[in-house]
Amino acid sequence: MNILGIETSCDETSASIVRNGRVVLSNIVATSLKDHQKYGGIIPEIASRRQLEFINIVTTRALTAAGLSLKQLDAVAVTESPGLIGSLVVGRSFAHSLSFALGIPLVKVNHIEAHVYAGYLSDKGDERSDPSREFPLPAVGLVVSGGHSSLFYIKDFTSFRIFGQTRDDAAGEAYDKVARILGLGYPGGPVIDKLARSVKENDIKFPCSPMAGTNDFSFSGIKTSVLYYTQRNTKTGFSVEKVANAFQESVVNIIVKKSIEACHKKKTGSLLVGGGVAANSSLRERLLEQAAAEGIKVRFPSLPLCMDNAAMVAGLAYHLI
Ligand code: KG4
Ligand code: ZN
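Here the structure is a predicted model, which is why all the values come from computation and not from measurement.

Undergrad: Would you mind going over helix H7 (residues 220-232) with me for this structure?
TA: Working note: α-helix, 3.6 residues per turn, so residues spaced by three or four point in the same direction. With 13 residues, H7 should reach 18 Å at 1.5 Å per residue; the first-to-last C-alpha distance of 19 Å fits that figure. Considered for burial, the residues of H7 that qualify are Ile222, Lys223, Ser225, Val226, Tyr229 and Thr230. One face of H7 carries all of its buried residues, which in axial projection span an arc of 155 degrees. What points out from H7, more than 90 degrees from its buried face, is the exposed set Gln231 and Arg232. Packing partners of the buried residues in H7 comprise helix H5 (171-181) and helix H8 (240-265).

Undergrad: Explain the packing of aromatic side chains here, please?
TA: Remark: the centre distance and the inter-plane angle together describe each pair of aromatic rings, the angle taken between the planes. The tally for this structure, following the rule as stated, stands at 10 aromatic pairs. Look at Phe157 and Phe160: their rings are 6.3 Å apart centre to centre, the planes differ by 40 degrees, and that puts the pair in the tilted class. Relative to Phe238, the ring of Tyr229 lies with its centre 6.0 Å away and its plane at 75 degrees, an arrangement referred to as edge-to-face. Residue classification places Phe238 among the partly exposed positions, given a relative accessible area of 29%. One aromatic cluster is present, built from ring pairs that chain together Tyr117, Tyr120, Phe135, Phe152, Phe157 and Phe160. For Lys266, the ring lying beneath its charged end belongs to Tyr153, and the centroid distance is 5.9 Å. Sitting over the ring of Tyr120, Arg299 keeps its end group 6.0 Å from the ring centre.

Criteria and thresholds
Residues numbered from 1 in each chain as written. Chains lettered and ligands numbered in written order. Predicted model: local features only at pLDDT ≥ 70, side-chain atom pairs only at ≥ 80, totals over all residues. Heavy atoms only, no water. Helix = DSSP H or I, 4+ residues; strand = E, 2+ residues; numbered from the N terminus. Expected span 1.5 Å × (residues − 1). Buried < 20%, exposed > 50% of the residue type's maximum accessible area, 1.4 Å probe, protein only. Arc of directions from axis to C-beta. Contact = heavy atoms within 4.5 Å. Phe/Tyr/Trp six-rings, centres within 6.5 Å; stacked < 30°, edge-to-face > 60°. Lys NZ or Arg CZ within 6 Å of the ring centre and 35° of its normal.

Here it is in structure tokens:
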């Protein structure tokens, strides 16, 4: 079954064709990120206008790259929500029209659930060579992105139950806001990740609320601690690398601790991680190491599939249909 996925929830416009919910035949992503950078964040009106310009192009390219024609598609899948409404509506109208014109089913997919699914996808050619791709369910799903930080219980891919989430900022949002405080531009995650890695010893520490006794996260307090630290030390100066490192240490520690705790609580040895922050090198390293020590298997998507993409939408749609 060849499913065309369409993803337009924010500033990326993506089309992808995934075979049998697993093999990514093509995954084309266009982004309007550069148009937003001078404002330090996404401007919804600009994002939706760019979606309109890109949607046809990425879809045509996805078909060409997969070597398929429209007639060879079995279904169209689209991100239904959550996201910026002006951006979502472009993908939704496009996918509805295409499914109507081709007389094939339309599958509506939740963006956050699709992020969790991304770890199940494999590239063309490696579908048979990697048996570890079979990942046992039920699992705990962790999504850490620019808009969400949530924990799910996943019985199967048609049943996602949310049991923990952030009470304030999402993890990626905290990275972006701290980067803005430090004058590092947008998005903040990749640059903080890189700077943090250059620090070997650090005397700075920022507290990150453990939200003890809950499955929830809170990342706004640590962002404020970073702000106060930089204000206190403006005159004397401070090491941006060390601040980035201390911030990342705390955030990663909390995410690792709470996800492992969640697996124990839900009595599962499987953890699926997705979302932009899942690309973080320290989180990947630390979570794999600490979870393995507790007998928990962790699955991260490949780096490009951590970010917004349509392959995760087409992949999850296979199970929904
Ligand atoms: O999943 P995504 O592409 O879009 C949303 O659905 O939000 O995630 C984007 C977020 C941004 O906040 C960005 O700063 C963060 O992911 N991010 C990272 C890294 N790469 C991207 N955060 C930490 N470390 C990274 N390496
Ligand atoms: Zn996303």
